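Secondary and tertiary structure notes
Residues per chain are reported as follows:
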Amino acid sequence: MQRLLNVTTILSLLLMALVLFSVRRSHIRVEYSVSWLAAAVILFALSRSSPALTWIAGQLGLADPPLALMLLIFCVFVIVIYRLSVVISDLKDANIAMAQRIAIVEFQLQGRAPGTSLSSPLTSNEE
Amino acid sequence: MSPHQLLILIPAFNEIGAISGVVREVRGVMPGVPVLVVDDASTDGTDQSARSAGAEVLRLPYHLGLGGGVQAGYKLAYELGYEYVIRVDGDGQHDPRYIPDLLKVLRETGCHMVIGSRFQDGSGEHTSYVRAIGIWFFRAMLRPILGKPVRDPTSGFVGVNREALQVFTGSFPLEYPEIEALVVLQRKRFQFQEVPCRMRPRKTGRSTITAVKSLYYIFHVLLGVFINVLKFEGRRRKE
């Protein structure tokens, strides 16, 4: 068990370093680094605290604390990935709306040129 | 009615082989009515071909898919103040001679959406077996949701009035929009009708819905319908 905890400690430290490095290089925005840093900190804390892990395993009814650690890691990353899915969905919606808006604005700008038949029926009626 | 109250919307993606013919045919049937081709970032010169045939072209900056393209056209039509929009596919499957029939029903019945149905008169030619099975399945599923039968729920030959346009500018399914759009309108207590029409084999190219994609299509549409039903049921409970 100790070897596994050492491995997860190293992994959590590597994750923290990677995220901080990426934020510093502007590869990840600060607001999106928070989820990953929180995940890394939780992973690190559980890896370094055997009593806490044993207690959680007991609460979950698991005889093996490393199994509890794996389950918690899985849950933490599911939450992070879910959050990213929400962010991506919002971005996609905004992106589509922006692309449509750009197309419409470009169309309307071109529509000022003479010879364009498609115009507002309201304008046409006024004419 | 001023012809400017009606806009013919043609979504197209890489349809250079068919688009000019479709535009010319539509203009022949509906002279004086503006034709807008929404070019979903085609790479084969669809936009120039449509322009040379006499259509106005709304060119999207990148590929959004059918729903994104149709919604862009609806948004423009709504902003320009059009009363009715009739959508005709850019592959030549929809016979423009039926456009006046769709328009007549829209104007005379006051319904919000009219569907050109290839099954309304009991025919249904030019439909693959896979698609026919899908249509049968969705008919059965939609019957209790819509409260009335719909014979051709996957038809893209549809006309909408301004009230439906307003709804679709805010919310329109991005992929495979036809069936979900019906549910969205029905949940708002909007009315739809079907008008018999003939469909033709596409002039060029291949359908985007292949046999392999059919399963994904069914799952995607089922999920979309389910979410829309849940969304509106939730809203009704809050009210």
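Residues numbered from 1 in each chain as written. Chains lettered and ligands numbered in written order. Predicted model: local features only at pLDDT ≥ 70, side-chain atom pairs only at ≥ 80, totals over all residues.

This part is about the overall build of chain A. Per the secondary structure count, chain A includes five helices and zero strands. Order of helices (α) and strands (β) in chain A, N terminus to C terminus: α-α-α-α-α. In chain A, which comprises 127 residues, the proportion classed as buried is 13%. For chain A, restricting intrachain contacts to residue pairs at least 6 apart in sequence, the fraction spanning at least 24 positions comes to 48%. (Helix = DSSP H or I, 4+ residues; strand = E, 2+ residues; numbered from the N terminus. Buried ≥ 20, exposed ≤ 12 C-beta atoms within 10 Å, placed from the backbone. Contact = placed C-beta atoms within 7 Å.)

Secondary structure summary: chain B contains eight helices and seven strands in total. The 239 residues of chain B split such that 49% are buried. Excluding contacts between residues fewer than 6 apart, the proportion of contacts in chain B whose partners are at least 24 apart in sequence is 74%.

It is characteristic of soluble globular proteins that their nonpolar side chains tend to be buried jointly. In terms of nonpolar packing, the biggest core is built from 70 residues, with Ile8, Ile10, Val37, Val85, Ile86 and Val114 of chain B touching the most fellow members. With seven residues, helix α3 (residues 66–80) of chain B is the largest single contributor of residues to this core. If near-sequence neighbours (up to four positions away) are discounted, Val85 of chain B is found in contact with Leu7, Leu9, Tyr74, Ala77, Gly159, Val160 and Leu165 of chain B. Trp36, Ala40, Leu53 and Leu69 of chain A belong to the second largest nonpolar core, which has nine residues in total. (Core = buried A, V, L, I, M, F, W, Y, C linked by C-beta atoms within 7 Å.)

The next subject is the environment of Arg139 of chain B. All names here are of chain B. Structurally, the position occupied by Arg139 is in helix α5 (residues 129–146). Residues Arg139 and Gly170, 31 residues apart in the sequence, show an inter-C-alpha distance of 26 Å. In this structure Arg139 touches Pro149, Val150, Arg151 and Pro153, once residues within four positions along its chain are discounted.

Attention now moves to the packing of helix α4 (residues 65–110) of chain A against α3 of chain B. Where α4 of chain A meets α3 of chain B, the closest approach of the two axes is 10 Å, and the angle between their N-to-C directions is 50°. Here α4 of chain A lies oblique to α3 of chain B, going by the angle between them. When the axes of α4 of chain A and α3 of chain B are compared, the crossing they make is right-handed. Contact residues: α4 of chain A offers Ile96, Gln100, Ala103, Ile104 and Phe107 of chain A, while α3 of chain B offers Gly68, Gln71, Ala72, Lys75 and Leu76 of chain B. Here the contact of α4 of chain A with α3 of chain B is composed, by residue class, of six nonpolar, three polar and one charged. (Axes fitted to C-alpha atoms, helices over the stretch in contact; angles between N-to-C directions. Parallel < 35°, antiparallel > 145°, perpendicular 65-115°, else oblique. Left-handed = near helix turned anticlockwise from the far one by under 90°. Nonpolar A, V, L, I, M, F, W, Y, C, P; charged D, E, K, R; others polar.)

All names here are of chain A. Viewed as axis vectors pointing N to C, helix α1 (residues 2–24) and helix α2 (residues 30–48) meet at an angle of 160°, and their least axial separation amounts to 8 Å. The orientation of α1 with respect to α2, classified from their angle, is roughly antiparallel. You can see that α1 and α2 cross each other, and the crossing is left-handed. When α1 is examined against α2, the residues Leu5, Thr8, Thr9, Ser12, Leu13, Leu15, Met16, Val19 and Val23 are found in contact with a partner set consisting of Val30, Ser33, Trp36, Leu37, Ala40, Leu43, Phe44, Ser47 and Arg48. Its residues assigned to classes, the contact of α1 with α2 shows 12 nonpolar, five polar and one charged.

Further remarks concern the pairing of strand β6 (residues 158–161) of chain B. All names here are of chain B. Side-chain alternation along β6 places Val158 and Val160 on one buried face and Gly159 and Asn161 on a second face that is also buried. Taken together, the four bridges between strand β4 (residues 84–87) and β6 define a ladder with antiparallel strand orientation. Paired with Val85 across the bridge in β6 is Val160. Inspection of the sheet shows strand β5 (residues 113–117) paired to β6 by three bridges, in the antiparallel sense. For Ile115, the partnering residue across the bridge sits in β6 and is Val158. (Pairing = 2+ DSSP bridges.)

Time to look at the confidence of the model for chain B. Detailed reading of the predicted coordinates is not advisable wherever pLDDT falls low. Looking at chain B, the pLDDT average stands at 86 and 87% of residues meet or exceed 70. Interface confidence for the predicted complex, expressed as ipTM, amounts to 0.83; the pTM equals 0.81. (pLDDT = per-residue confidence, 0-100.)

Residues and elements named next belong to chain B. Read from one edge to the other, the open sheet built from seven strands follows the order β3-β2-β1-β4-β6-β5-β7, with strand pairing classed as mixed. On the outer flanks of this sheet lie β3 (56–59) and β7 (192–196), each paired with one strand and no other. Mean inter-strand twist for the sheet, computed between neighbouring axes without regard to direction, equals 20°. Sheet strands in contact with α3 are β1 (6–12), β2 (35–39), β3 and β4, and its direction is about 155° off that of β1.

Attention now moves to the pairing of β2 of chain B. Remember that side chains alternate between the two faces of the sheet whenever the strand is regular. All names here are of chain B. Judged by how many residues are buried, β2 sits mostly within the fold: five of five residues are covered. Because side chains alternate across β2, one face comprises the buried residues Val35, Val37 and Asp39, and the other comprises Leu36 and Val38, equally buried. Here β1 runs beside β2; their pairing, made up of five bridges, is parallel. Counted as the bridge partner of Leu9 is Leu36 from β2. Following the chain from β1 across helix α1 (residues 19–29) to the adjacent parallel β2, one finds a crossover that is right-handed. Taken together, β2, helix α2 (residues 46–52) and β3 constitute a β-α-β crossover, and its handedness is right-handed. (Right-handed = clockwise from strand over helix to strand, strands pointing away.)

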